[in-house]
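Examining the three-dimensional arrangement
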Amino acid sequence: MPLSAERYSLSALNRLGAPHGADYLLLNDAGDRDVLEGSVVQRDLAFGGLLVLSRVRALRSYEARSRSEFRLSLAWLGQGEAHLSTRRDGLLRMVGDTAVTMLETGDGPIHAAHPAGPLLQGLNLSVRDIQGINDERLQDRLTALRRTGRSRLAPWRMPPALRDQLCSLLEGHWQGDLAALLWEGVALQMLAHALKALDDGPAADAVSERDRGLLRRVHQRLVEEPEAPHTLASLAALACMSPSALRAKFPRVYGQSVFDCLRRERLERAGRYLREGASVQQAAHFVGYRHASNFTTAFRAHFGMPPGAWRRERVPRPERCQ
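Computed from a predicted model, the values in this text were never measured in an experiment.

On to the sheet that holds strand β10 (residues 111-114). With antiparallel pairing, five strands are arranged side by side in an open sheet as β2-β5-β10-β7-β8. The open sheet is flanked by β2 (22-26) and β8 (90-95), the only strands paired with a single partner. Averaged over all adjacent pairs, the angle separating strand axes in this sheet is 20 degrees, with direction ignored. Judged from the four bridges that link them, strand β5 (residues 62-66) and β10 form a sheet pairing that is antiparallel. Across the sheet, residue Glu63 finds its bridge partner in β10, namely Ala113.

So, in structure tokens, the structure goes:
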């Protein structure tokens, strides 16, 4: 899906979100402003699901909130960032190449906040109408889930083989009826993995409140000092746990590894430095990158463009003397 020049206002987003039970609002703005630029495509699936494919850049920070009704959905980010939360799970940070199952049972909304700037590429697959499902086994499983009571989030990793199929479809290598057939099969496979993540979910609850508090220390340190030369051993000492325990528990709470989190924080801060007028080399140095080439590669993967282009788009040019 190539990034097009199409823009989506807040009202347009709410029209798109209506079929899958989502409402949108701006976080730091008001009025019916343009929110996204890029491409959003919706597909109705034969088994009864709705697939939304997105390759967009957020022009403003915005939030999606689910309505108080049953919905099972999965979200996959090939690139970008989202902050998800429920009453049960608290905050889950979702970054590039991660997936999460979202079970909404009506006890409270799921919130998804998206920051302005980074390129967002991914999909959302949702099921709302249980009676409209053309598979009795899936109907029975969704009916049982509806009785479970509390909304929840379950992060998981897309299997490499399935991710490769998905990327092939997103890149337009398949067209017409064959593409429709393949989308149907891939969507059902993704749904199976999303349901399995709910079955495996109790393992995520094994992180005690004490450990969650200790992990917050690590997360706060990464946010406040991303430029520091962090090591797994030093961060584990901060959390009062072994490196292997930190490596295992951090993703359960924050949906990403310790060093994926560090990379994101470094790049977000670098983006702010570039907006404020720093050079590419200065921004790389300020956030702890020793080599500008490594910084450029990581920055392009996160924001969808090299840091020089990002800076040119966002730093005001001085007016010329007449």
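Of note in this structure, Cys240 is not a glycine but carries a positive phi near 55 degrees. Tracing the sequence through the fold places Cys240 in the loop between α6 (232-238) and α7 (243-254).

So, on to the environment of Gly308. In this structure, Gly308 sits in helix α11 (residues 307-314). The partly exposed category is assigned to Gly308, whose relative accessible area is 22%. Taking the C-alpha atoms as reference points, Gly308 and Tyr24, separated by 284 residues in sequence, lie 32 Å from one another.

Glancing now at the nonpolar core. In terms of nonpolar packing, the biggest core is built from 34 residues, with Phe47, Leu72, Leu142 and Leu166 touching the most fellow members. When contributions to this core are tallied by element, the ones reaching two or more residues are β4 (50-58), β6 (71-79), β9 (98-104), β11 (119-127), α2 (136-146), β12 (152-156), α3 (160-170) and α4 (176-199). Ranked by residues supplied to this core, first place goes to α4 with nine residues. Ignoring any residue separated from it by four or fewer positions in sequence, one finds Phe47 in contact with Leu125, Val127, Gly132, Ile133, Asn134, Leu138, Glu184, Ala187, Leu188 and Leu191. Among the nonpolar cores identified, the runner-up in size contains 27 residues, and Leu13, Leu50, Val100 and Met102 belong to it.

With that out of the way, let us pick up the packing of aromatic side chains. Tallied over the full model, the rule gives four aromatic pairs. A centroid spacing of 5.2 Å and a plane angle of 70 degrees characterise the contact between Tyr273 and Phe286, whose relative ring orientation is edge-to-face. Taken together, the residues Tyr273 in helix α8 (residues 258-275) and Phe286 in helix α9 (residues 280-286) connect sequence positions 13 residues apart. Judged by relative accessible area, which is 25%, Tyr273 ranks as partly exposed. Judged by its relative accessible area of 37%, Phe286 is partly exposed. Judged by centre distance (5.6 Å) and plane angle (55 degrees), the rings of Phe295 and Phe299 are tilted. Here Phe295 and its partner Phe299 are both found in helix α10 (residues 292-303), four residues apart, which amounts to about one turn of the helix. Assigned by exposure class, Phe295 and Phe299 land together as buried. One aromatic cluster is present, formed by Tyr289, Phe295 and Phe299 through successive ring pairs. When the ring centre of Tyr289 is taken as origin, the NZ or CZ atom of Arg266, which lies over that ring, is 6.0 Å away.

Cut-offs and rules
Residues numbered from 1 in each chain as written. Predicted model: local features only at pLDDT ≥ 70, side-chain atom pairs only at ≥ 80, totals over all residues. Heavy atoms only, no water. Pairing = 2+ DSSP bridges. Helix = DSSP H or I, 4+ residues; strand = E, 2+ residues; numbered from the N terminus. Axes fitted to C-alpha atoms, helices over the stretch in contact; angles between N-to-C directions. Buried < 20%, exposed > 50% of the residue type's maximum accessible area, 1.4 Å probe, protein only. Core = buried A, V, L, I, M, F, W, Y, C linked by side-chain atoms within 4.5 Å. Contact = heavy atoms within 4.5 Å. Phe/Tyr/Trp six-rings, centres within 6.5 Å; stacked < 30°, edge-to-face > 60°. Lys NZ or Arg CZ within 6 Å of the ring centre and 35° of its normal.

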